[in-house]
Amino acid sequence: MSSAPVLEIEGLSVTYRTAERTVRAVDRVDVTIGEGEIFGLAGESGCGKSTVANAIMRLLKPPAEIDGGRVVFRGRDVLAMSAEELRRFRWREVAMVFQSAMNSLNPVMTVGDQLADVFTTHERSSKRDALRRAGGLLEMVGIDRGRLRSYPHQLSGGMRQRVVIAMACALTPSLLILDEPTTALDVVVQQEIMAQIRGLQEELGFAVLFITHDMSLMIELSQRIGVMHGGRIVERAPAGEIFRDPLHPYTDALMNAFPPISGPRVPLTGLAEGVRFDHVPDLREVRPGRWVALDADSGPTHQTEEALR
Ligand SMILES: Nc1ncnc2c1ncn2[C@@H]1O[C@H](COP(=O)(O)OP(=O)(O)OP(=O)(O)O)[C@@H](O)[C@H]1O
Ligand SMILES: [Mg+2]
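Remember, it's a predicted structure, so these values are computed and weren't measured experimentally.

Novice: Quick rundown of the site of ligand 1? Include the residues and the values.
Specialist: In the neighbourhood of ligand 1, 14 residues make up the surrounding shell, with Ser 45, Gly 46, Lys 49, Thr 51 and Gln 99 lying closest. Separating an oxygen atom of ligand 1 from a backbone N or O atom of Cys 47 is a distance of 3.2 Å. Residue Ser 50 places a side-chain N or O atom 2.9 Å away from an oxygen atom belonging to ligand 1. For ligand 1, whose accessible area on its own is 640 Å², the fraction buried by protein is 66%. Of the residues assigned to the shell around ligand 1, the class counts are five nonpolar, six polar and three charged.

Written out as structure tokens, the structure reads:
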């Protein structure tokens, strides 16, 4: 990271405490994102990615508890913000495109009214002015402003996803969190959305926390990547380095999980013998010595889970 940090997460830990079990979903996670930087958070289902995102936005509710660490946005402690500070922080400074967001648009409101709501709620714009700006937002993501009058079901999945991305960009935040923004879309639409995100980022200059389990998309968009496994960041490096030389066995396995579209056919390889992650780990049953952690600064130092505690 070369520029000043927009977001610093230090030693963040989040636990879901239910009557039956305690799950440490995020375990001492450190992430720093520079102004205008695109940071990728990769990892398989259930490894804690959305929990990190929700912690940044202060959206975690019981049974989730933040039991350690700091989240600092441009020098301000997010975890200590009052309700009023949070109201100004969310959307205006950090906006998030939630996982499965395209399905969360209100089905009985037009797209225009939903986009205009952002301006009437956060900027007290008049309805007329808000609708005019909503039209501008639609055009910014390549949708004709005539679509303001459409209901979500009248749009394709890709268009709905563009609408939620536009909505997140409405108040020109400094950080945009994208949680699996293309997962439910086919590969062609996925590429269009990725190009759209890249274009908006270049135009508006916001930093991005890009969350996905798809390593090829991750490497395409991100400058630096953190790979999560079982609540921890196990590898962290510039995107090109992870692509050329993934050090952690889990990163290597994640990289190999997607077959190349071109080139000779090669068998997909899994994890090396003896280091098995052949299923998503159940975080309720963390066993000592199960994971191999990597210290990105000092090279591949393999430690047991016990050594890390
Ligand atoms: N409300 C909850 N109560 C109890 N456990 C939860 C709750 N929400 C999440 N978890 C657990 O926390 C862990 C991390 O979940 P999280 O949703 O952050 O993962 P993720 O990496 O975003 O996964 P995905 O790729 O499937 O979206 C999982 O083991 C999950 O079962
Ligand atoms: Mg998630």
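Novice: Outline the pattern of salt bridges, listing residues and values.
Specialist: Across all of its chains, the model carries 18 salt bridges by this definition. In this structure, the salt-bridge partner of Asp 67 is Arg 17, at a minimum N-O distance of 3.0 Å. Taken as a pair, Asp 67 in strand E4 (residues 64-73) and Arg 17 in strand E1 (residues 5-17) lie far apart in primary sequence, 50 residues in all. Since its relative accessible area comes to 38%, Arg 17 is described here as partly exposed. Between Arg 74 and Glu 35 there is a salt bridge, with the nearest N and O atoms lying 2.9 Å from each other. In this pair, Arg 74 is assigned in the loop between E4 and strand E5 (76-77) and Glu 35 in the loop between strand E2 (22-34) and strand E3 (38-42), connecting sequence segments 39 residues apart.

Novice: Tell me what's going on with the packing of aromatic side chains, and back it up with residues and numbers.
Specialist: Inspection of the entire model under this criterion finds one aromatic pair. Consider the rings of Phe 73 and Phe 89, whose centres lie 5.3 Å apart with planes at 75°: the pair is edge-to-face. On the criterion of sequence distance, the pair formed by Phe 73 in strand E4 and Phe 89 in helix H2 (residues 83-89) is long-range, its members being 16 residues apart. Using a relative accessible area of 0% as the deciding quantity, one classes Phe 89 as buried.

Novice: With reference to specific residues and values, describe the side chain of Ser 13.
Specialist: The topology assignment puts Ser 13 in strand E1. In this structure Ser 13 comes out as buried when scored by relative accessible area, which is 4%. Contact partners of Ser 13, with chain neighbours within four places excluded, come to Arg 24, Val 26, Asp 27, Arg 28, Glu 65, Ile 66, Asp 67 and Gly 68.

Novice: Describe in detail the coordination of the magnesium ion (ligand 2), supporting the description with residues and values.
Specialist: Listed as protein donors to the magnesium ion (ligand 2) are Ser 50 (OG) and Gln 99 (OE1); their distances from the metal cover 2.0 to 2.2 Å. Taken together, the residues span a long stretch of sequence, with Ser 50 in helix H1 (residues 49-56) and Gln 99 in the loop between strand E6 (94-97) and helix H3 (111-123) at a distance of 49 residues.

Novice: Can you break down the environment of Pro 238 residue by residue, with the values?
Specialist: Considering the arrangement of structural elements, one finds Pro 238 in strand E10 (residues 232-238). Note: C-alpha distance between Pro 238 and Gln 223 (15 residues apart in sequence) is 5.8 Å. Residue contacts for Pro 238: discarding those within four places in its chain leaves Gln 223 and Arg 224.

Novice: I'd love a proper account of the sheet that holds E5, names of residues and values included.
Specialist: The four strands are arranged E2-E1-E4-E5 in an open sheet whose pairing can be described as antiparallel. Where the open sheet ends on each side, the last strands, each with one partner, are E2 and E5. Where H1 meets the sheet, its contacts fall on E1, E2 and E4, and the angle it forms with E1 comes to roughly 115°.

Novice: Can you break down the environment of Asp 77 residue by residue, with the values?
Specialist: The topology assignment puts Asp 77 in strand E5. Sequence spacing of Asp 77 and Glu 8 is 69 residues, and the spatial spacing of their C-alpha atoms is 9.6 Å.

Novice: So what's going on with the pairing of strand E7 (residues 175-179)? Which residues, and what values?
Specialist: Within E7, five of the five residues are buried, which leaves the element mostly enclosed by the surrounding structure. Across the two faces of E7 the burial is the same, with Leu 175, Ile 177 and Asp 179 and Leu 176 and Leu 178 all buried. In this structure, E7 lies alongside strand E8 (residues 207-212), joined through five bridges in parallel fashion. In the strand pairing of E8, Leu 178 is matched with Phe 210. The handedness of the E7 to E8 crossover, carried by helix H6 (residues 187-204), is right-handed.

Novice: Mind laying out the packing of helix H5 (residues 157-169) against H6, listing which residues take part and the relevant values?
Specialist: Close contact between H5 and H6 brings their axes to 10 Å; oriented N to C, the two are set at 20°. Taken together, the axes of H5 and H6 are roughly parallel relative to one another. Relative to H6, the crossing made by H5 is right-handed. Every residue of H6 that contacts H5 at Gly 158, Gln 161, Arg 162, Ile 165 and Cys 169 is listed here: Val 189, Glu 192, Ile 193, Gln 196, Ile 197, Leu 200 and Leu 204. Split into classes, the residues belonging to the contact of H5 with H6 amount to seven nonpolar, three polar and two charged.

Calculation notes
Residues numbered from 1 in each chain as written. Chains lettered and ligands numbered in written order. Predicted model: local features only at pLDDT ≥ 70, side-chain atom pairs only at ≥ 80, totals over all residues. Heavy atoms only, no water. Near = heavy atom within 4 Å. Polar contact = N/O pair within 3.5 Å; in protein donor to acceptor, adjacent residues only side chain to side chain. Areas by Shrake-Rupley, 256 points an atom, 1.4 Å probe, with all protein chains shown as cover. Nonpolar A, V, L, I, M, F, W, Y, C, P; charged D, E, K, R; others polar. Salt bridge = Lys/Arg side-chain N within 4 Å of Asp/Glu carboxyl O. Helix = DSSP H or I, 4+ residues; strand = E, 2+ residues; numbered from the N terminus. Buried < 20%, exposed > 50% of the residue type's maximum accessible area, 1.4 Å probe, protein only. Phe/Tyr/Trp six-rings, centres within 6.5 Å; stacked < 30°, edge-to-face > 60°. Contact = heavy atoms within 4.5 Å. Donors = N, O, S within 2.8 Å, 3.2 Å for Na, K, Ca; no water. Pairing = 2+ DSSP bridges. Axes fitted to C-alpha atoms, helices over the stretch in contact; angles between N-to-C directions. Right-handed = clockwise from strand over helix to strand, strands pointing away. Parallel < 35°, antiparallel > 145°, perpendicular 65-115°, else oblique. Left-handed = near helix turned anticlockwise from the far one by under 90°.

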